[in-house]
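If you want the building blocks of each chain, they are given just below.
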Amino acid sequence: MATSFPTQENFDKLLLCLNPDRERAGEEYELLRLKLLEYFRARACSYAEEQADETLNRLAKKIAEGEDVRDVLRFCYGLARWVWMESLKKPEARRVSLDDLTVPPFVPPDSLLRKEQEACFQHCLQELAAGEREMILEYWDHGNRPHREARKEMAARLQFTLLALRIRICRIRDKLKICYSDCREKGPPKLK
Amino acid sequence: MGELSHNSALLTRYLLGDLSSDEQDRLEEQYFSDDELFIELLDAKDQLTSDYLENRLAPANRERFERHFLTQSDCHQELELDRFLQPEFRRNSLPGQSASREEAPPWWQAVFIGLRAYGPLAGAAIVALLIIGATGLWSALRPSSEKPGSVLSQSSPPVFVGPITASLALKPGRLRSEGEMPKAIVGAGTQTVELQLEAGAGKYDRYQASLQRVDEGNVEVLADSALKAETAAGKLLIVTWKVPAAKLSIGDYQVTLRGVSADNSPSYIGDYSFKVRDR
């Protein structure tokens with residue numbers, strides 16, 4: 001059974017465990033969630049987001065129950081392994097080898113769908129605040145230079161650490177993703 | 001920073017699901033504790049995505065990438081977003097995105113840039129064209145009582161008004177060789193052409209339709225992605241698409257219809273041919 005979302009009090013305890021500074025703790029939490037997502041995605045898990053949230057909910061619960069957590073990140077890694085092992089026992093989680101999966105085509109052949117996707121992207125990009133739009137476009141646009149090198153420079157110029165820049169980009173991407181997903185479901189404004 | 005840092009080949013192998021179980025466990029345990037390594041992993045993932053989208057991956061890695069990323073629905077949509085974020089794609093495909101992210105100058109500025117660039121003679125020509133254009137526009141827009149030919153309709157042949165809504169029931173797959181193509185008769189007063197597309201028995205969440213002008217190289221003239229089906233006789237479903245008549249001129253057309261299921265995957269249903277005539 002899924003662990004319930006922590007109460008505000010228990011969530012605050014988790015944040016405090018991550019970092020005494022509330023803002024830094026928020027960033028640590030977002031980073032930890034990203035790590036969990038990568039962990040579950042590396043296992044071709046169809047429900048990576050749910051599994052990541054389940055792990056975080058269990059972590060909050062353990063901390064609230066007074067578990068002696070000395071290294072919260074290592075502890076969380078252990079929990080993620082546990083959640084993954086449990087998920088394998090569930091009947092709906094019959095694991096299929098990656099080699100047996102049918103790969104859906106990525107670039108759709110028809111122009112109508114392509115146009116719709118482009119229209120949604122444009123619409124969602126315009127929905128972002130101007131500063132966010134500039135930031136995410138610059139994050140990807142640096143000629144032929146490797147991402148890592150260019151982003152180090154970008155972070156230095158904006159006076160962020162690479163980590164802080166990445167977290168901001170993740171927040172912007174999440175906004176884009178939610179808008180894009182909604183737009184793809186309902187259709188872009190111009191095509192409605 | 002751990003021993004695995006800066007090993008982009010190892011990180012790429014991890015992302016492609018190409019590490020042994022032990023190697024994978026070790027790397028994961030390490031990136032949970034080492035933020036810098038994790039950021040390196042995310043950068044490696046972005047690089048891999050860019051390489052995939054710009055066809056720079058070796059065939060074997062390309063296949064691994066597709067198996068790993070395209071079989072997970074949320075990754076599939078993230079990849080769609082990443083594709084649009086690639087600078088190459090935005091430069092080549094998306095309208096209104098200039099490569100340098102500079103705003104295009106307004107039209108009046110463009111005229112003066114033209115004047116500067118091509119000298120006084122070209123400038124004079126542009127100004128003359130503007131004056132002619134403005135005179136023509138004034139002539140077209142001034143009150144009709146001032147128009148010398150305002151009684152033109154009296155001597156013109158009668159105009160075919162046509163129905164306000166022209167309806168057309170279409171079946172998929174009808175080819176020219178199968179006989180007379182369905183014909184929509186439109187006139188000056190026709191506002192809408194209602195296409196009733198027979199869509200089989202399997203219902204989808206929504207339908208996408210694309211209208212193409214066949215006799216102009218199948219150029220798309222209109223698209224709609226939020227159409228719904230209604231049950232007609234028996235289990236037969238009909239998708240009704242109301243096309244503004246202004247979008248249609250005399251010619252041959254084809255509609256391509258697709259059903260879109262809850263996970264947003266489209267399925268081809270059929271092509272429907274018809275022609276538009278004024279009598």
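Here goes a summary of the coordinates provided. (Residues numbered from 1 in each chain as written. Chains lettered and ligands numbered in written order. Predicted model: local features only at pLDDT ≥ 70, side-chain atom pairs only at ≥ 80, totals over all residues. Heavy atoms only, no water.)

## Thoughts on the overall build of chain A
Okay, so step 1: In terms of regular secondary structure, chain A is built from eight helices and zero strands.
Okay, so step 2: Relative to its full complement of 192 residues, chain A shows a buried share of 49%.
Okay, so step 3: Long-range pairs, those at least 24 residues apart, make up 57% of the contacts in chain A with a sequence separation of at least 6.
Okay, so step 4: Summing over all exposed atoms, chain A offers an accessible surface of approximately 10,400 Å²; the carbon and sulfur share of this is 52%. (Helix = DSSP H or I, 4+ residues; strand = E, 2+ residues; numbered from the N terminus. Buried < 20%, exposed > 50% of the residue type's maximum accessible area, 1.4 Å probe, protein only. Contact = heavy atoms within 4.5 Å. Areas by Shrake-Rupley, 256 points an atom, 1.4 Å probe, with all protein chains shown as cover.)

## Here's the deal with the interface of chain A and chain B
For an interface, size is often stated in terms of accessible area lost upon the parts coming together.
Okay, so step 1: Taken together, the contact pairs 66 residues of chain A with 64 residues of chain B.
Okay, so step 2: Summed over both sides, the interface of chain A with chain B buries roughly 6,400 Å², with 54% coming from carbon and sulfur.
Okay, so step 3: Applying the counting criterion to the chain A and chain B interface returns 18 salt bridges.
Okay, so step 4: A salt bridge links Glu116(A) to Arg206(B); the nearest nitrogen and oxygen atoms lie 3.6 Å apart.
Okay, so step 5: Where chain A touches chain B, the interface holds 29 residue pairs in polar contact (both at pLDDT 80 or more).
Okay, so step 6: Going through the elements one at a time, helix 2 (22-41), helix 4 (72-89), helix 5 (111-127), helix 6 (130-140), helix 7 (147-158) and helix 8 (162-186) of chain A are the ones with two or more residues in the side of chain A that touches chain B. (Buried area = accessible area lost by both parts, 1.4 Å probe. Salt bridge = Lys/Arg side-chain N within 4 Å of Asp/Glu carboxyl O. Polar contact = N/O pair within 3.5 Å; in protein donor to acceptor, adjacent residues only side chain to side chain.)

## A closer look at the pattern of salt bridges
Okay, so step 1: Inspection of the entire model under this criterion finds 41 salt bridges over all chains.
Okay, so step 2: Of the charged contacts in the structure, one is a salt bridge between Asp43(B) and Arg148(A), with a shortest N-O distance of 2.9 Å. With one member in each of two chains, Asp43(B) in helix 3 (residues 35-53) and Arg148(A) in helix 7 form a pair that bridges those chains. In this pair, the class of Asp43(B) matches that of Arg148(A), namely buried.
Okay, so step 3: A cluster of three or more residues bridged by salt bridges with shared partners is formed by Arg33(A), Arg41(A), Glu49(A), Asp53(A), Arg173(A), Lys177(A), Glu78(B) and Asp82(B).

## Regarding the pairing of strand 7 (residues 237-244) of chain B
All names here are of chain B.
Okay, so step 1: Note that strand 3 (residues 192-198) and strand 7 share seven bridges and pair antiparallel. Note on strand 7: the bridge partner recorded for leucine 195 is tryptophan 241.
Okay, so step 2: Where strand 6 (residues 229-231) and strand 7 come together, three bridges link them in antiparallel fashion. When the sheet's bridge partners are listed, glutamate 230 is paired in strand 7 with isoleucine 238. (Pairing = 2+ DSSP bridges.)

## Some thoughts on the state of the cysteines
Residue and element names in this part refer to chain A.
Okay, so step 1: Enumeration according to the criterion identifies two disulfides over all chains in this entry.
Okay, so step 2: Residue cysteine 120 pairs covalently with cysteine 183 via a disulfide, S to S 2.1 Å. The disulfide joining cysteine 120 to cysteine 183 has a torsion of about -85° about its S-S bond and is therefore left-handed. One end of the pair, cysteine 120, is in helix 5; the other, cysteine 183, is in helix 8, with 63 residues separating them in the sequence.
Okay, so step 3: Residue cysteine 183 is classed as buried on the basis of its relative accessible area, which comes to 5%.
Okay, so step 4: Shown here is the disulfide that connects cysteine 124 with cysteine 179, its sulfur atoms set 2.2 Å apart. Residues cysteine 124 and cysteine 179 are joined through a disulfide that is left-handed, its torsion about the S-S bond being -85°. Here cysteine 124, found in helix 5, pairs with cysteine 179, found in helix 8; they are 55 residues apart in sequence, far enough to count as distant. Of the two residues examined, cysteine 124 and cysteine 179, each falls in the buried class.
Okay, so step 5: Across chain A, the disulfide pattern expressed with sequentially numbered bonded cysteines is 1-4, 2-3. (Disulfide = S-S within 2.5 Å.)

## A word on the side chain of Glu194(B)
Residue and element names in this part refer to chain B.
Okay, so step 1: Topologically, glutamate 194 is positioned in strand 3.
Okay, so step 2: Looking at glutamate 194, the relative accessible area reads 15%, which means it is buried.
Okay, so step 3: Reaching out from glutamate 194, the side chain makes a polar contact with the side chain of glutamine 196 at a distance of 3.1 Å.

## Section: the packing of helix 6 of chain A against helix 8 of chain A
To describe two helices that pack against each other, one gives the angle between their axes and the distance between the axes.
All names here are of chain A.
Okay, so step 1: Their axes nearest at 10 Å, the elements helix 6 and helix 8 cross at an angle of 110°. For the element pair helix 6 / helix 8, the angle class is roughly perpendicular. Handedness of the helix 6/helix 8 crossing: left-handed. Within the contact between the two elements, helix 6 uses Glu132, Met135, Ile136, Tyr139 and Trp140 and helix 8 uses Leu165, Arg166, Arg168, Ile169, Ile172, Arg173, Lys175 and Leu176.
Okay, so step 2: Of the residues in the contact of helix 6 with helix 8, the class split is eight nonpolar, no polar and five charged. (Axes fitted to C-alpha atoms, helices over the stretch in contact; angles between N-to-C directions. Parallel < 35°, antiparallel > 145°, perpendicular 65-115°, else oblique. Left-handed = near helix turned anticlockwise from the far one by under 90°. Nonpolar A, V, L, I, M, F, W, Y, C, P; charged D, E, K, R; others polar.)

## So, helix 4 of chain A
Residue and element names in this part refer to chain A.
Okay, so step 1: Look at helix 4: 26 Å from first C-alpha to last across 18 residues, which is about the 26 Å you get at 1.5 Å a residue.
Okay, so step 2: Here helix 4 has its buried residues at Val72, Leu73, Cys76, Tyr77, Leu79, Ala80, Val83, Trp84 and Ser87. An end-on view of helix 4 places all buried positions within 165° of arc, on one side of the element. Summarising the geometry of helix 4, the exposed residues directed more than 90 degrees from the buried face are Trp82 and Lys89.
Okay, so step 3: Where helix 4 begins, the capping side chain belongs to aspartate 71, and its oxygen is found 3.2 Å from the backbone nitrogen of leucine 73. (Expected span 1.5 Å × (residues − 1). Arc of directions from axis to C-beta.)

## Notes on the environment of Glu216(B)
Okay, so step 1: Relative to the helices and strands, Glu216(B) is located in the loop between strand 4 (206-213) and strand 5 (219-227).
Okay, so step 2: In this structure the C-alpha to C-alpha distance between Glu216(B) and Asp252(B), which are 36 residues apart in sequence, comes to 8.7 Å.

## Focus: the packing of aromatic side chains
Okay, so step 1: Scanning the model with the defined rule gives 15 aromatic pairs over all chains in all.
Okay, so step 2: Between Tyr39(A) and Tyr77(A), the aromatic rings sit 6.1 Å apart at their centres with planes inclined by 85°, giving edge-to-face as the arrangement. Separated by 38 residues along the polypeptide, Tyr39(A) in helix 2 and Tyr77(A) in helix 4 bring together distant segments of the chain.
Okay, so step 3: Ring centres of Tyr14(B) and Tyr31(B) lie 5.9 Å apart, and the angle between their planes is 70°; this geometry places the pair in the edge-to-face category. Of this pair, Tyr14(B) sits in helix 1 (residues 8-15) while Tyr31(B) is found in helix 2 (residues 21-33), placing the two residues 17 residues apart along the sequence. As far as the burial class goes, Tyr14(B) and Tyr31(B) line up, both buried.
Okay, so step 4: Three or more aromatic residues joined by ring pairs form one cluster here, namely Tyr39(A), Phe40(A), Tyr77(A), Tyr14(B), Tyr31(B), Phe32(B) and Phe38(B).
Okay, so step 5: If you follow Arg43(A) out to its NZ or CZ, it ends over the ring of Tyr39(A), 3.9 Å from the centre. (Phe/Tyr/Trp six-rings, centres within 6.5 Å; stacked < 30°, edge-to-face > 60°. Lys NZ or Arg CZ within 6 Å of the ring centre and 35° of its normal.)

Coordinates in, geometry out; function isn't part of it.
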